[in-house]
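In case you want the letters, here they are:
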Amino acid sequence: MTIELYNTSLTDYSAPVESPISNTTGELPEQEPALDLGHLLGSFDSREEALVFVEEQAASQQQLVMDSRIVKFDAYTHVELLTVTLQHADQTTAIKNYYLVLDEGY
C-alpha cells in the first residue's frame, strides 16, 4: 500500500475539515479539485511512516507532536484526515491537519 501525505489548504486549523473528495464513487486523486498536487509532501509505505515524517518536519521547526489522530471521512473514500497537536517552543499548542490518500482499491 502507498500513502500520499498532503497539506490541507486550510489556513484556520481549528475549523472543521471536510473531505476533499467530491465524488465518492471513486475518482482518482488527481481528478479531485480539492487535492492540489502542489500540497503533496511525500509518499510512504504506511501511516506510521507518514506520521514520523510529520514529527521530523515539526522537530525541524522546534515543535513537538503531542498527539495525533487519523479519521476516515467515510467508508467509501480513499482519503483519511490526520490531525496533529503541535507544541511550540514557548509551550503554546496548535492543531494542524493533513490528508492521507491511500491507493487501496485502485
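Residues numbered from 1 in each chain as written. Predicted model: local features only at pLDDT ≥ 70, side-chain atom pairs only at ≥ 80, totals over all residues. Heavy atoms only, no water.

Caption draft 1: Focus on the overall build of the protein. Across its full length, the protein carries 1 helix and 5 strands. Each helix and strand of the protein, ordered N terminal to C terminal, gives the series β-β-α-β-β-β. Split into buried and exposed, the 106 residues of the protein put 33% on the buried side. Long-range pairs, those at least 24 residues apart, make up 57% of the contacts in the protein between residues at least 6 apart in sequence. Of the roughly 6,300 Å² that the protein leaves accessible, carbon and sulfur atoms contribute 49%. (Helix = DSSP H or I, 4+ residues; strand = E, 2+ residues; numbered from the N terminus. Buried < 20%, exposed > 50% of the residue type's maximum accessible area, 1.4 Å probe, protein only. Contact = heavy atoms within 4.5 Å. Areas by Shrake-Rupley, 256 points an atom, 1.4 Å probe, with all protein chains shown as cover.)

Caption draft 2: Just the sheet that holds strand β1 (residues 3-7), in detail. The sheet built from 5 strands is open, its strands ordered β2-β1-β5-β4-β3 with antiparallel pairing. Single-partner strands in this sheet number two, and they are β2 (40-44) and β3 (64-72). Direction aside, the axes of adjacent strands within the sheet are offset by 25° on average. Pairing geometry for β1 and β2, over 4 bridges, is antiparallel. Residue pairing across strands places Y6 opposite L40, the latter belonging to β2. Sheet strands touched by helix α1 (residues 47-59): β1, β2, β3, β4 (79-87) and β5 (93-102). Its angle to β4, the strand with the most contacts, is close to 30°. (Pairing = 2+ DSSP bridges. Axes fitted to C-alpha atoms, helices over the stretch in contact; angles between N-to-C directions.)

Caption draft 3: Just the packing of aromatic side chains, in detail. Per the stated rule, a full pass over the model turns up 2 aromatic pairs. Here F44 and F53 contribute two aromatic rings whose centre-to-centre distance is 5.4 Å and whose plane-to-plane angle is 45°, an arrangement assigned as tilted. The exposure class of F53 is partly exposed, given its relative accessible area of 24%. With a centroid separation of 6.2 Å and 50° between ring planes, the pair formed by F73 and Y99 is classed as tilted. Of the two residues, F73 is situated in the loop between β3 and β4 and Y99 in strand β5; the sequence distance between them amounts to 26 residues. The class for Y99 is buried, based on a relative accessible area of 7%. (Phe/Tyr/Trp six-rings, centres within 6.5 Å; stacked < 30°, edge-to-face > 60°.)

Caption draft 4: Region of interest: unusual backbone geometry. Of note, the phi angle at Q62 is positive, near 55°, even though the residue is not glycine. Examined against the element boundaries, Q62 turns out to sit in the loop between α1 and β3. Owing to a relative accessible area of 57%, Q62 belongs among the exposed residues under this scheme. A positive phi is found at Q91, a non-glycine position, where the angle reads about 75°. Structurally, the position occupied by Q91 is in the loop between β4 and β5.

Caption draft 5: Seen up close, the pairing of β1. Of the strand pairs in this sheet, β1 and β5 are connected by 5 bridges, and their pairing is antiparallel. Bridging from a neighbouring strand, Y6 pairs with Y99 of β5.

Caption draft 6: Inspection of the side chain of S46 at higher detail. On the secondary structure map, S46 appears in the loop between β2 and α1. Polar contacts involving the side chain of S46 include one to the main-chain amide nitrogen of E49, which spans 3.1 Å. (Polar contact = N/O pair within 3.5 Å; in protein donor to acceptor, adjacent residues only side chain to side chain.)

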